[in-house]
Amino acid sequence: MEIKTKTEGTKLTIAVSGRVDTVTAPEFEAGLKFGDATCVVIDLADVPYMSSAGLRLLLTAHKTMMGKGGELQIANVQPSVKEVLDITGFSDILNLI
């Protein structure tokens, strides 16, 4: 797994590549540091698979941003990951762009 971040003003983009599963979830969690960002975009363009461990982290990130009055956006979701988000109802909770 690889995580790259890019900050533009108060917008933080976190680009993730590779599988997000039980093994890589701690690394993904460590990369979810938002600082003073009011808008966080998690780019999943290069994530072919996400387990429940990854879903939990997305929900936690969403709650964190909502708690500080910010916004979390999930971008470029691959069809296999989108299917999991749809089945679990997360696509109704998270802001998919």
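Computed from a predicted model, the values in this text were never measured in an experiment. (Residues numbered from 1 in each chain as written. Predicted model: local features only at pLDDT ≥ 70, side-chain atom pairs only at ≥ 80, totals over all residues. Heavy atoms only, no water.)

Visitor: How would you explain unusual backbone geometry if you had to name every residue and give the values?
Guide: Excluding glycine, a negative phi dihedral is what most residues carry, and trans is how most peptide bonds are arranged. A positive phi angle is found at Asn76, which is not glycine, with a value near 55 degrees. Following the sequence through the fold, Asn76 ends up in the loop between strand E4 (71–75) and helix H3 (79–88). Since its relative accessible area comes to 42%, Asn76 is described here as partly exposed. (Helix = DSSP H or I, 4+ residues; strand = E, 2+ residues; numbered from the N terminus. Buried < 20%, exposed > 50% of the residue type's maximum accessible area, 1.4 Å probe, protein only.)

Visitor: Describe the packing of aromatic side chains, naming the residues involved and giving the relevant values.
Guide: According to the stated counting rule, one finds zero aromatic pairs in the structure shown. The ring of Tyr49 carries Arg19 above its face, with NZ or CZ at 4.1 Å from the centroid. (Phe/Tyr/Trp six-rings, centres within 6.5 Å; stacked < 30°, edge-to-face > 60°. Lys NZ or Arg CZ within 6 Å of the ring centre and 35° of its normal.)

Visitor: Got a sec to walk through the environment of Glu71? Specific residues and values, please.
Guide: Note that Glu71 resides in strand E4. Overall, Glu71 belongs to the partly exposed group, its relative accessible area being 34%. The spacing of Glu71 and Ser17 is 54 residues in sequence and 22 Å in space, taken between C-alpha atoms. Sequence-distant contacts of Glu71, that is, excluding residues within four places in its chain, are made with Thr38, Cys39, Val40, Met65 and Asn95. (Contact = heavy atoms within 4.5 Å.)

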